[in-house]
Structures are given as C-alpha cells and as structure tokens.
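As a plain string of letters, each chain reads:
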Amino acid sequence: IKFTDTKEIGTEDALFNIQYLEFAEKVNVLNIPLYNYLKNNYESLTKLYKPNLFQQWKNLYSKISDLIQLKNGEFKKALNNRIALSIIGLSLNETFSDKSFSEKKNKISEILHDDFYQKAYQDLDLKYFPLHWKLFFFFAKNKWCVSLLMMAIVMRFLINKK
C-alpha cells in the first residue's frame, strides 16, 4: 500500500487508512485530537476552496468501492453513508468559492444528480439525525439545491463566528 496523490483523491489519508486496516489485527481508537487543520493556510491541503474536490472525492469513492467489492453489505452501506454525508464538505467548499450564488447552486445540483450521490441518498436513513441534519439531508435527498446552499452558508457563518 502507498499514499495516493492528493491531486487525484482530494485527501491525504482516507484511502491509505482503509488499505492499511485490511492488514490490522487490532485497532485502538484514541478519542482525543492529535492535530489541528488551519483553514487560513492557503498552502495547506485544507485551504478554503478546492475547485476539483468533487471529482477528487469521486475518484476516492471509486477506489474505496473497488477495495470493498468482495466485502459484505455493511461495507457498502458505510461507503454510501460516507458519500451521502460528504455533501456537507462539498457544499461548504462551494461557499468558499468566488462564484456567483447561481453558479454555486448549479455545482451543488451537479453533485446531487451524480450517480454516486443518487445511490447514496436512496439508502440514507434520516431517523437517527438531529432535526437540523434531518433538514439538511432532506434537502440533499430531494435535490433542493437553493435550500441546501443556504444552510451551508449559515454553517459557514457559524463556523467563522467561533
């Protein structure tokens, strides 16, 4: 196993961790933060706006899908959940762009109409979510792009307010 270039998959460690866990006999989880991303570092992988993030994450999900092809249905369900929940990051990413509101809405529409996301939202069970996330993912499932973008803008405001 090896790290896949972030230019291809948009993240530095997700795919590597999944590949590595295939060989792990035991895993211990520490419930403490050990590092902190700085969004205002424009040279960072976590810089504010990533124009290719949607395609990169599709590449990531395709590679993960290939890895779990022979696994049981729980792995596929987990991947679909990850895909469905990733609209949070993708919609927030759009709020950081210099595009017009209409262009941002169109990009979110493109994402929500993508086959990966269509399939992921078919199986996403909203009953476990708190009310605000139920609303957010209801908008995503029903492709209400303006409402979803408005919620992302509010989220960005709340994040920046901290």
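On a predicted model such as this, the values are computed, not experimentally measured, just so you know.

## Quick look at unusual backbone geometry
Across the chain, the bulk of peptide bonds are trans and the bulk of non-glycine residues have phi less than zero.
Okay, so step 1: Located in the positive-phi region is K143, a residue other than glycine, with phi close to 60°.
Okay, so step 2: Given the relative accessible area of 27%, K143 is considered partly exposed.

## Remarks on empty space enclosed by the protein
Okay, so step 1: In the structure shown here, the tally under the stated rule is one cavity of 30 Å³ or more.
Okay, so step 2: Of the pockets and cavities examined, the largest cavity occupies roughly 30 Å³.
Okay, so step 3: For the largest cavity, the full set of lining residues is Y49, K50, P51, N52, L53, F54, L90, N93, E94 and K107.
Okay, so step 4: Breaking the lining of the largest cavity down by element, the ones donating at least two residues are α3 (53-67) and α5 (87-95).
Okay, so step 5: Here the element with the most residues in the lining of the largest cavity is α5; it accounts for three residues.
Okay, so step 6: Looking at the lining of the largest cavity residue by residue, the classes come out as five nonpolar, two polar and three charged.

## Topic: the confidence of the model for the chain
Okay, so step 1: In this model, the chain carries a mean pLDDT of 90, and residues with pLDDT of at least 70 account for 93%.
Okay, so step 2: Per-residue pLDDT, averaged within each element of the chain, yields its smallest value for helix α2 (residues 14-21) (88) and its largest for helix α6 (residues 101-112) (97).

## Quick notes on helix α8 (residues 131-141)
Okay, so step 1: For α8, every residue scored as buried is listed here: F136, F137, F139 and A140. Down the axis of α8, the buried set is contained in an arc of 150°. They therefore lie on one face.
Okay, so step 2: Summarising the contacts, the buried residues of α8 are in contact with α4 (73-85), α5, α6, α7 (115-123) and α9 (145-161).

## What about the environment of Y121?
Okay, so step 1: Within the element layout of this structure, Y121 appears in helix α7.
Okay, so step 2: The exposure class assigned to Y121 is buried, which follows from its relative accessible area of 4%.
Okay, so step 3: Here the alpha-carbon distance between Y121 and W133, two residues twelve residues apart in the chain, equals 14 Å.
Okay, so step 4: Apart from residues no more than four positions distant in its own chain, Y121 is found in contact with A84, I87, L112, F137, A140 and K141.

## Let's talk about a nonpolar patch on the surface
Okay, so step 1: Taken together, the side chains of I1, Y20, L21, F23, V27 and V29 present a nonpolar region at the surface, about 700 Å² in accessible area.
Okay, so step 2: Following the sequence through the fold, F23 ends up in the loop between α2 and α3.
Okay, so step 3: The exposure class assigned to F23 is exposed, which follows from its relative accessible area of 63%.

## Observations concerning the nonpolar core
Okay, so step 1: Counting 34 residues, the largest nonpolar core has I87, Y121 and F137 as the members making the most contacts within it.
Okay, so step 2: Within the residue set of this core, elements represented by two or more residues are α2, α3, α4, α5, α6, α7, α8 and α9.
Okay, so step 3: If one sorts the elements of this core by residue count, α3 sits on top with six residues.
Okay, so step 4: Discounting residues that sit within four places of it in the chain, F137 has contacts with A84, L85, I87, I88, Y121, L124, L126 and F129.

## Brief notes about the packing of aromatic side chains
Okay, so step 1: Summed over all chains, the structure comprises twelve aromatic pairs.
Okay, so step 2: When the ring of F3 is compared with that of F16, the centres are 4.3 Å apart and the planes differ by 15°; the resulting orientation is stacked. Here the residue F3 occupies a position in the segment before α1 (6-9), and F16 occupies one in helix α2, the gap between them amounting to 13 residues.
Okay, so step 3: On the numbers, 5.2 Å between centres and 90° between planes, the contact of F136 with F137 is edge-to-face.

Rules of the game
- Residues numbered from 1 in each chain as written.
- Predicted model: local features only at pLDDT ≥ 70, side-chain atom pairs only at ≥ 80, totals over all residues.
- Heavy atoms only, no water.
- Buried < 20%, exposed > 50% of the residue type's maximum accessible area, 1.4 Å probe, protein only.
- 1 Å grid on protein atoms, 1.4 Å probe; cavity = no way out; pocket = protein on both sides within 12 Å on 5 of 7 lines; lining within 4 Å.
- Points joined across faces, edges and corners; volume = space filled by probe spheres on them.
- Helix = DSSP H or I, 4+ residues; strand = E, 2+ residues; numbered from the N terminus.
- Nonpolar A, V, L, I, M, F, W, Y, C, P; charged D, E, K, R; others polar.
- pLDDT = per-residue confidence, 0-100.
- Arc of directions from axis to C-beta.
- Contact = heavy atoms within 4.5 Å.
- Patch = residues over 30% accessible without salt bridge, like charges linked within 9 Å, V, L, I, M, F, W, Y side chains within 5 Å.
- Areas by Shrake-Rupley, 256 points an atom, 1.4 Å probe, with all protein chains shown as cover.
- Salt bridge = Lys/Arg side-chain N within 4 Å of Asp/Glu carboxyl O.
- Core = buried A, V, L, I, M, F, W, Y, C linked by side-chain atoms within 4.5 Å.
- Phe/Tyr/Trp six-rings, centres within 6.5 Å; stacked < 30°, edge-to-face > 60°.

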